[in-house]
Amino acid sequence: MVSASRPLLLTSLVLFACGESGDGTDSAATTAATEASETASDPTGGSDGDPTGNPTTTESVPTTGGTTEGGENVRPNWHQDIAPLVTASCQTCHAPGGIAPFSLMTYDEAKPWAALMATDVEQGLMPPWHALETDVCQPPLPYLHDPRLSDDQKAMFQDWADLGAPQGDPALAAPLPPPPSLDLANPTKSITMTAPVDIDRVGNSLDFFHCLSLDPGNAAPVYVDGIQVLAGNPKIVHHVLIYVDAGADSASWPGGVKQNCGGGAGIGNAQLIGGWVPGGMPMVAPAGVSTELPAGARLILNVHYHATGGGPETDSATGLALRWTDAPAEWSTYFTLIGAPGVGDSLAGPLMIPAGEDAHVEEYEYVVPDNIPALADVRVWTVLNHMHKVGVDMRVWVEGAGGDTCLLHTPKWDFNWQRSYQYDAPIDQSFRVRAGDRVRLRCVYNNTMSNPGVVEMLAEAGLDAPVDVGLGEGTLDEMCLTGVGVAIKGFSL
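Residues numbered from 1 in each chain as written. Predicted model: local features only at pLDDT ≥ 70, side-chain atom pairs only at ≥ 80, totals over all residues. Heavy atoms only, no water.

> Would you explain the packing of helix α2 (residues 78-89) against helix α5 (residues 151-162) in this entry?
Helix-helix packing: each pair is described by the crossing angle between the helix axes and the interaxial distance. Two numbers describe how α2 lies on α5: the axes approach to 11 Å, and their chain directions differ by 125°. In terms of axis orientation, α2 runs oblique to α5. Seen along the crossing, α2 lies across α5 with a hand that is left-handed. Contacts from Trp78, Asp81, Ile82, Leu85 and Val86 of α2 reach α5 at Gln153, Met156, Phe157 and Trp160. Split into classes, the residues belonging to the contact of α2 with α5 amount to 7 nonpolar, 1 polar and 1 charged. (Axes fitted to C-alpha atoms, helices over the stretch in contact; angles between N-to-C directions. Helix = DSSP H or I, 4+ residues; strand = E, 2+ residues; numbered from the N terminus. Parallel < 35°, antiparallel > 145°, perpendicular 65-115°, else oblique. Left-handed = near helix turned anticlockwise from the far one by under 90°. Contact = heavy atoms within 4.5 Å. Nonpolar A, V, L, I, M, F, W, Y, C, P; charged D, E, K, R; others polar.)

> Quick question: what am I supposed to make of helix α6 (residues 452-460) here?
Note on helix geometry: an α-helix contains 3.6 residues per turn, so any two residues three or four positions apart are oriented the same way. For α6, the complete set of buried residues consists of Gly453, Val454, Met457 and Leu458. For α6, the angular spread of the buried residues around the axis is 130°, confining them to a single face. In α6, the exposed positions angled more than 90 degrees off the buried face are occupied by Pro452 and Ala459. Where α6 is buried, its residues contact β23 (469-470). The positive-phi residue at the C-terminal boundary of α6 is Gly462, with phi of around 75°. (Buried < 20%, exposed > 50% of the residue type's maximum accessible area, 1.4 Å probe, protein only. Arc of directions from axis to C-beta.)

> What is the right way to look at the nonpolar core in this model?
Soluble globular proteins tend to bury their nonpolar side chains together. Formed by 42 residues in total, the largest nonpolar core has its most connected members in Val380, Val439, Leu441, Tyr445 and Cys480. Those elements that place two or more of their residues in this core are β13 (331-340), β16 (360-367), β17 (377-386), β18 (391-400), β19 (403-410), β22 (438-445), α6 and β24 (480-489). What Val380 contacts, discounting residues up to four positions off in sequence, is Tyr423, Ser430, Phe431, Val433, Val484, Gly485 and Val486. Ile191, Ile273, Met283 and Leu301 belong to the second-largest nonpolar core, a separate cluster that totals 32 residues. (Core = buried A, V, L, I, M, F, W, Y, C linked by side-chain atoms within 4.5 Å.)

> So what exactly am I meant to see when it comes to the packing of aromatic side chains here?
Note on aromatic pairs: each is described by the distance of the centres and the angle between the planes. Under the definition given, this model contains 8 aromatic pairs. The interplanar angle of 90° and the centroid separation of 4.9 Å between the aromatic rings of Trp129 and Tyr421 together place this pair among those described as edge-to-face. Of this pair, Trp129 sits in the loop between α4 (114-123) and α5 while Tyr421 sits in strand β20 (residues 421-422), placing them 292 residues apart in sequence. Assessed through its relative accessible area of 4%, Tyr421 is described here as buried. Three or more aromatic residues joined by ring pairs make a cluster, and in this case those are Trp129, Tyr143, Tyr421 and Tyr423. Positioned above the aromatic ring of Trp397, the side-chain terminus of Arg395 is 4.2 Å from the ring centre. (Phe/Tyr/Trp six-rings, centres within 6.5 Å; stacked < 30°, edge-to-face > 60°. Lys NZ or Arg CZ within 6 Å of the ring centre and 35° of its normal.)

Quick look at the structure:
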């Protein structure tokens, strides 16, 4: 596969994301929180099994403090059972200043949300995870950072809520795991934008794409294996794409900013190397994989700004933290954007979703080029699906000599919860592609008022009935796009 610098909204390397924006919470949770202070929605997660080794069954109805009238500690309770899961899997977003609308750092903060936490966990709404195993998709490897709960853990949340969310005895509290860090470990350098950008609604338009040129100042080639996006104003930074400007062509932009640059890099011949959405963890390639940053090259951030609608906002501090070495890794990483508006061919003509259709299908096919030498090794290590608000189901798979392999299926697509999915395996054990393999995409859309996403997008545009939807960057447009990150050993593109 080869890299492509075509316009898009999101791409690979976003290793974890709590939500699409600061208000990207589940609508049912928001409604319930308004109606009753004792119910709410919260992302919860963790690995299979109870990390504390404690039982998940309850013993009796608690009194104040989470103990029975005889003084016996009731299980499950916050300190021994729930807090370790919340700490490990919720506090990335649910912390002071986080993108979630409330904090879950303490028992007092979590207790009012216990009932709907249990409901959302049981329904699979939380933690937000949309890569599912289905009858038509069994991925070749498990995914890294999979936060889905075991049945026992789901039952624990329900039991805790049914008991009245007992606190338990702080003296018996289980050790708390460290929450996932949003900071890149051991960065080599941090760089930020050099001129401010002001964002405000223009008519019905809330979305703007501006490109920022950043100078990492490397006089010799370096090899990047870690990137962290630093969002200067989280209220308006919707997502970020990262490109390498090898020739430093963007150095001529006044103040380092090119406004209204569309969905790409604002220049030709820029290599896409990553992307980010709010709540995203640092972008770290697998061990032994890196991206070359040539001497004198600049980095371009395509920033999708989304106006709040409540007045102008300024961004003056968006940038990057970078980690690099002076020597190349054994594997080089590249990204390919497949579908619309990526590479590949439509199997049904130009993308167009008629108003009123509730199961419209668009399909695309990309043939892996034949410039891969027979002894070269090309491995897929991360995959991202992307549609907008009309989309409801998306699947990507590879048809090769050994049969079909499904890379990713998101059958309950939700625009508000997007991320890439990295395989949990050493790079030399990840899925291998070869020249002539066919990558297939299938996107399903519901362009009726039965789709909450359509209702939302129409309201934002001041409309009250579905309209025909074509390909584009804006709220009333759609895409059928997958971002595929590959690592290559044995040749270079």
